[in-house]
Structures are given as C-alpha cells and as structure tokens.
Amino acid sequence: MQNNINNVQQKKETDMSFAKIKGNLTSRIGRPVNFKTPKYVRARGGTPISGTIVDEVRATPEINTSPARKLKNNDDWGDYSFCAQLIKWGENNHSIRLAYWRRRAGEDWWEFAAQMTVNSDWREIEALLKRTLAKTGWFSDSPIIQ
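Small disclaimer: the values here were computed from a predicted structure and weren't measured. (Residues numbered from 1 in each chain as written. Predicted model: local features only at pLDDT ≥ 70, side-chain atom pairs only at ≥ 80, totals over all residues. Heavy atoms only, no water.)

Asks: So, the pattern of salt bridges: which residues are in play, and what are the values?
Replies: Here the structure, examined in full by the defined rule, presents 8 salt bridges. Arg102 is paired through a salt bridge with Glu111; the nearest N and O atoms lie 2.9 Å apart. We classify Glu111 as buried; its relative accessible area is 15%. Two residues, Lys130 and Glu126, come together in a salt bridge whose shortest N-O distance is 3.4 Å. On the criterion of helical spacing, the pair formed by Lys130 and Glu126 is a turn pair, its members being 4 residues apart in helix H3 (residues 122-133). Its relative accessible area of 52% is what places Lys130 among the exposed residues. (Salt bridge = Lys/Arg side-chain N within 4 Å of Asp/Glu carboxyl O. Buried < 20%, exposed > 50% of the residue type's maximum accessible area, 1.4 Å probe, protein only. Helix = DSSP H or I, 4+ residues; strand = E, 2+ residues; numbered from the N terminus.)

Encoded structure:
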C-alpha cells in the first residue's frame, strides 16, 4: 500500500450486510476493508488492497442507536454517522480513514456512504486534523476566516 492513499474508491462488498445495516449501527472493528485499484494504477499492474478495521471512533455515537425517524420536510437528508477508523494492511502498515454512514429519513437502514473518502497514513491525517482544528474561527455559528 502506498504511504499516501487519498480518495481511493473503496470496493463495495457483494455481501449486503456490509453495504447496509438494518436497525442499530454497530462497531465495524474486525470487519474487512477492500480498496479497488484506481484505473490508472491498475493500468500499470497495480492490485487491490485488503485490510481490517482494528479501531474506530464516532463523532456522535448516540445516533447509531437512535430510532429511525420520519421525514421532517423535503430538505431532510436523514441521519449521518461520521467516524475515524484505524485500518491494518498486512503486518506493519496502518492508515486512518475518515468515513460516514447514512440513514435516510423514514428508513431503518444504515448505508455505508463514504465510497470516496479520505484515507492516509497517520502523519497526513494528523496534519489535516491539526490544521483544521487550528482554524478556531471556523468553529462558531458565524465563522471567521483566518
């Protein structure tokens, strides 16, 4: 696996239990992760990669067990569960993925919706998160551009 994999298209599992989960959204720790080879990498002989989620955190874990709800209005996108996951690739190679699941209003299915997402080694993710959090003016109802 390359040190810096960003926005890699992730292969959808044929097992629908991966793509959709009925009811509560449970931990993904121990689950497999498969990244499809980007076309330009495949053209030069590159291969897909597989790993395992070894740890994860959720921004608002309580939403994962909240009951499905009815549509509020036509602009209601539903519920989103954002997470960061530590993925192990082989013996000593890890990356961090920032991803999300979506539950449409009126449905009781969580769907993996982060097929194109940020995934990279810890240094890259740490730099992104530190630089984001340093933008303290962003974190208010009236953001200030610094």
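Having seen the model, we can carry on.
Asks: Explain the environment of Gln146 to me, and be specific about the residues and the numbers.
Replies: As for its placement among the helices and strands, Gln146 is situated in the segment after H3. Considered as a pair, Gln146 and Ala134 are 12 residues apart in the sequence and their alpha carbons are 9.7 Å apart. When near neighbours in sequence (up to four residues on either side) are disregarded, Gln146 contacts Ala134, Lys135, Thr136 and Gly137. (Contact = heavy atoms within 4.5 Å.)

Asks: Give a description of the pairing of strand S6 (residues 93-103) that names residues and reports values.
Replies: Consecutive side chains of a regular strand alternate in pointing toward one face of the sheet and then the other. Strand direction decides the pairing type here: strand S5 (residues 79-89) and S6, joined by 11 bridges, are antiparallel. Bridge assignment links Leu86 to a residue of S6, and that residue is Ile96. Where S5 folds back onto S6 in an antiparallel hairpin, the turn is made up of 3 residues, including Gly90, whose phi is positive at roughly 75°. Inspection of the sheet shows S6 paired to strand S7 (residues 109-112) by 2 bridges, in the antiparallel sense. What sits directly across from Trp101, in S7, is Phe112. Where S6 folds back on S7, the antiparallel hairpin that results is connected by 5 residues, among which Gly106 adopts a positive phi of roughly 90°. (Pairing = 2+ DSSP bridges.)

Asks: Can you tell me about H3, naming the residues and giving the values?
Replies: Between the first and last C-alpha of H3 there are 16 Å, a value that for 12 residues agrees with the 16 Å anticipated at 1.5 Å per step. Structurally, the start of H3 carries an N-cap: the backbone nitrogen of Arg123 is 2.8 Å from a side-chain oxygen of Asp121. (Expected span 1.5 Å × (residues − 1). Polar contact = N/O pair within 3.5 Å; in protein donor to acceptor, adjacent residues only side chain to side chain.)

Asks: Run through the side chain of Arg58, naming residues and quoting values.
Replies: Within the element layout of this structure, Arg58 appears in strand S4 (residues 49-58). The class of Arg58 is buried, set by a relative accessible area of 15%. Side-chain polar atoms of Arg58 contact the side chain of Glu56, separated by 3.4 Å. A polar contact of 3.2 Å, which involves the side chain of Arg58, links it to the side chain of Ser81. Among all residues touching Arg58, those that are not within four sequence positions of it are Leu25, Thr26, Arg28, Asn64, Ser81, Phe82, Cys83 and Trp101.

Asks: Account for the side chain of Asp76, naming residues and giving values.
Replies: As for its position among the elements, Asp76 is in the loop between S4 and S5. Polar side-chain contacts of Asp76 include one of 2.6 Å to the side chain of Arg69. From its side chain, Asp76 meets the backbone nitrogen of Lys72 in a polar contact 3.0 Å long. What Asp76 contacts, discounting residues up to four positions off in sequence, is Arg69, Lys70, Leu71 and Ala105.

Asks: Lay out the nonpolar core in plain terms, naming residues and giving numbers.
Replies: Taken as a class, soluble globular proteins show a tendency for nonpolar side chains to be buried jointly. Listed in full, the 9 residues of the largest apolar core are Ile21, Leu25, Ile63, Cys83, Ala99, Trp101, Trp110, Phe112 and Ala114. Sorting the residues of this core by element identifies S6 and S7 as the ones contributing at least two each. Counting 6 residues, the second largest nonpolar core, distinct from the first, contains Val33, Phe35, Ile49 and Ile53. (Core = buried A, V, L, I, M, F, W, Y, C linked by side-chain atoms within 4.5 Å.)

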